[in-house]
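What follows is the residue order along each chain.
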Amino acid sequence: MDTTAVRAESTKEETDVAVVRDPLPTLGALDFRMIELLFFAYREFTADADSILVRYGFGRAHHRVLHFVNREPGLTIAELLEILQITKQSLSRVLRQLIDEDFIRQIPGDEDRRQRRLYPTMKGRELAVELSCAQVRRIDQALAETGAEDLGPIATFLASMANDRESAREWFLRKDISWKDPA
């Protein structure tokens, strides 16, 4: 292979494309502060659980499945797909691994035997709690540092960020995720 011709092509390509060397400003037409705060907060929030998941050869998709199956045992696969907003194919590999390794059991529905309901095993419950404890520690630490006694504004902000999809709104209602005072 003539490497001179390859180098000449890539050099021509590089000169035809304008290279931008100035960074986007933090404040300007776009405000990058909240974007980057959310980016880095999410990275650290998930890193705590990721360090636990790696011991099992699991990833974040496994975590999400374990979380929702533990929050609502008996969830159908169709309901889980709706909540996670993923394809059957994406769920299939993750769910198969969780079932094969005894973290989740799949049981036919009582009324419709074709329906498959998902239940955590004790092993799956223990892992879900361990993962949640790691994340709650980070949340509690951050709240202690900010002195936020009233979670209302934080919860309202996060709910507004997450409220675009019907599946999220339904979940919040079903699980009574709000900070309204019970009266």
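Before reading on, note that the structure itself is shown above.
Below or above, wherever it landed, is the structure these notes cover. Predicted, not measured: the structure shown is a model, and the values here were computed from it. Residue indices begin from 1 for each chain and proceed along its sequence in written order. Selection of residues for local features in this predicted model requires a pLDDT of at least 70, selection of side-chain atom pairs for listing and counting requires 80 or more, and totals for whole chains, interfaces and linings are taken over all residues. With hydrogens and water set aside, each side-chain value is computed from the structure's full complement of heavy atoms.

Quick word on the side chain of S167
- The way it works is that DSSP assigns letters per residue, a run of H or I at least four long becomes a helix, a run of E at least two long becomes a strand, and they are numbered from the N terminus. Examined against the element boundaries, S167 turns out to sit in helix α8 (residues 166–174).
- A polar atom in the side chain of S167 sits 3.3 Å from the backbone oxygen of E82.
- The contact criterion used is simple: two residues touch if any of their non-hydrogen atoms lie within 4.5 Å. Among all residues touching S167, those that are not within four sequence positions of it are E82, I83 and Q85. The definition of a polar contact used here is a pair of N or O atoms within 3.5 Å, where within protein one atom must be able to donate a hydrogen and the other to accept one, and adjacent residues in sequence count solely through side-chain atom pairs.

Concerning the pattern of salt bridges
- Salt bridge criterion: a side-chain nitrogen from Lys or Arg within 4 Å of a carboxyl oxygen from Asp or Glu. All told, the structure shown has 11 salt bridges when counted by the stated rule.
- Residue R55 pairs with E130 through a salt bridge whose shortest N-O separation is 2.8 Å. With R55 in the loop between α2 (33–53) and α3 (60–71) and E130 in helix α6 (residues 122–146), this pair connects stretches of sequence that are 75 residues apart.
- For every residue, the accessible area obtained with a 1.4 Å probe (protein chains only) is divided by the maximum for its type, and the residue is called buried under 20%, exposed over 50%, and partly exposed between those limits. E130 gets classed as partly exposed once you look at its relative accessible area, which sits at 28%.
- The closest approach of N and O atoms between R174 and E72, which form a salt bridge, is 3.0 Å. In this pair, R174 sits in helix α8 while E72 sits in the loop between α3 and β1 (75–76), placing the two residues 102 residues apart along the sequence.
- Of the residues examined, R174 reaches a relative accessible area of 42% and is grouped as partly exposed.
- Three or more residues joined by partner-sharing salt bridges are found here, namely E72, R174 and K175.

What about the packing of aromatic side chains?
- Working definition: rings of Phe, Tyr and Trp (its six-membered ring) pair if their centres are within 6.5 Å, and the pair is stacked with planes under 30 degrees apart, edge-to-face with planes over 60 apart, and tilted otherwise. This structure, assessed with the given rule, holds 5 aromatic pairs.
- With 4.9 Å between their ring centres and 80 degrees between their planes, F68 and W171 make a pair best called edge-to-face. Pair noted here: F68 is in helix α3 and W171 is in helix α8, with a separation of 103 residues, a long-range link.
- Judged by its relative accessible area of 16%, F68 falls in the buried class.
- The structure contains a cluster of three or more aromatic residues connected by ring pairs, namely Y56, F58 and F103.

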